[in-house]
Amino acid sequence: MRNQDSGNATQSQVQSVDRAISVLELLARNGETGITEIAGELGVHKSTASRLLSVLETRGLVEQLGERGKYAIGFGIVRLAGAATGRMDLAKLGRASCLVLAEELGETVNIAIADDGVAINISQARGSAAITTQNWTGQRTPLHATSSGKVLLAYMGEAERKRVLKRKLEQYTPRTTVEPDELMTELERVLEDGYAACYEELELGMHAVAVPIHGPGGDVVAAMSASGPSYRLSKQRVKQIVKPMTEAAEELSAQLGYFRD
């Protein structure tokens, strides 16, 4: 009997979600709509439609136009749509940004996002001086041993960062930072400086530097990096290219809907 009751409750919840989505689709299609019409479209009593609308209104997904007025799509939908659109735009817009910056710096430029404890490269462009032919697009790289990963780690939520640091951190080269406390100190410095650098931590002979990319709400949604051989991308040159990289990242952030105060 308990399992049957649980199954009925689950079915009821699914039905409520389906009806709520139907309400949103109805408002998107018809614009301003009264509760009587909404109830009729759903085939439910007005009290049921009212409860659905009340929940959606609380979340900002619908709004009532005046006291006892009709309902319309709320600005909460814009926020959700912006998040989805921003994710899709990031790869497309990021590709163009990578090409421009790679041409300016002469190095390989990548954009990476955090996903399930790793960094995934979603865009890449090679500059005129780049010597590697490796395509990192779609590749998963460690957060603790890459400049992009360190930016993403530094700006991610504390709980998520702790989960990553609880794992055993792989030593890729003798220079890889694998002690959590030492890495945390470095991440604090990333937040202060606004960029992260890696010197032969993933591959010997390879240096990289990365800066954050912000989404519409201000959160860091990705990292833009430039990488090259250690003999050319020296520590001194890393500091020199942080400014043009930051400017490129800020321009991309603005295209995604973020503007610094």
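The model shown is predicted, which means the values in this text are computed figures rather than measured ones.

About the criteria used
Residues numbered from 1 in each chain as written. Predicted model: local features only at pLDDT ≥ 70, side-chain atom pairs only at ≥ 80, totals over all residues. Heavy atoms only, no water. Helix = DSSP H or I, 4+ residues; strand = E, 2+ residues; numbered from the N terminus. Expected span 1.5 Å × (residues − 1). Bend = angle between axes of the 7 residues up to and from the residue. Buried < 20%, exposed > 50% of the residue type's maximum accessible area, 1.4 Å probe, protein only. Contact = heavy atoms within 4.5 Å. Pairing = 2+ DSSP bridges. Axes fitted to C-alpha atoms, helices over the stretch in contact; angles between N-to-C directions.

Asks: Explain helix 8 (residues 235–255) to me, and be specific about the residues and the numbers.
Replies: Between its terminal C-alpha atoms helix 8 stretches 30 Å, which fits the 30 Å expected from 21 residues at 1.5 Å a residue. At isoleucine 241, helix 8 shows its maximal bend, which comes to roughly 35 degrees, and the proline proline 244 appears one to four places after that position. Among the residues making up helix 8, those that are buried are Val238, Ile241, Val242, Pro244, Met245, Ala248, Ala249, Leu252 and Ser253. Among the residues trailing helix 8, glycine 257 stands out with phi positive, at a value near 110 degrees.

Asks: Quick rundown of the environment of isoleucine 213? Include the residues and the values.
Replies: Mapped onto the elements of the fold, isoleucine 213 is located in strand 7 (residues 206–214). Put simply, isoleucine 213 and serine 253 are 40 residues apart on the chain and 5.6 Å apart in space, counted from C-alpha to C-alpha. Ignoring anything within four residues of it in the chain, the contact list for isoleucine 213 reads Leu90, Ile111, Asp219, Val220, Val221, Ala222, Ala223, Met224, Ala249, Leu252, Ser253 and Leu256.

Asks: Give me the sheet that holds strand 7: which residues, what numbers.
Replies: Taken together, the six strands give an open sheet; going across it, the order is 5-4-3-8-7-6, and neighbouring strands pair in antiparallel fashion. Lying at the two open borders of the sheet, with one neighbouring strand each, are strand 5 (140–142) and strand 6 (196–199). Put simply, the sheet's adjacent strands are angled 35 degrees from each other on average, direction ignored. Bridge analysis of strand 3 (residues 108–115) against strand 8 (residues 220–229) gives five bridges, and the strand direction is antiparallel. Looking at strand 8, one finds that asparagine 110 is bridged to serine 225. Strands strand 3, strand 4 (118–125), strand 5, strand 6, strand 7 and strand 8 of the sheet are contacted by helix 5 (residues 147–155), whose axis makes an angle of about 35 degrees with strand 7. Along the sheet face, helix 8 touches strand 3, strand 6, strand 7 and strand 8 and points at about 25 degrees away from the line of strand 7.

All we've got here are geometric facts, nothing functional implied.
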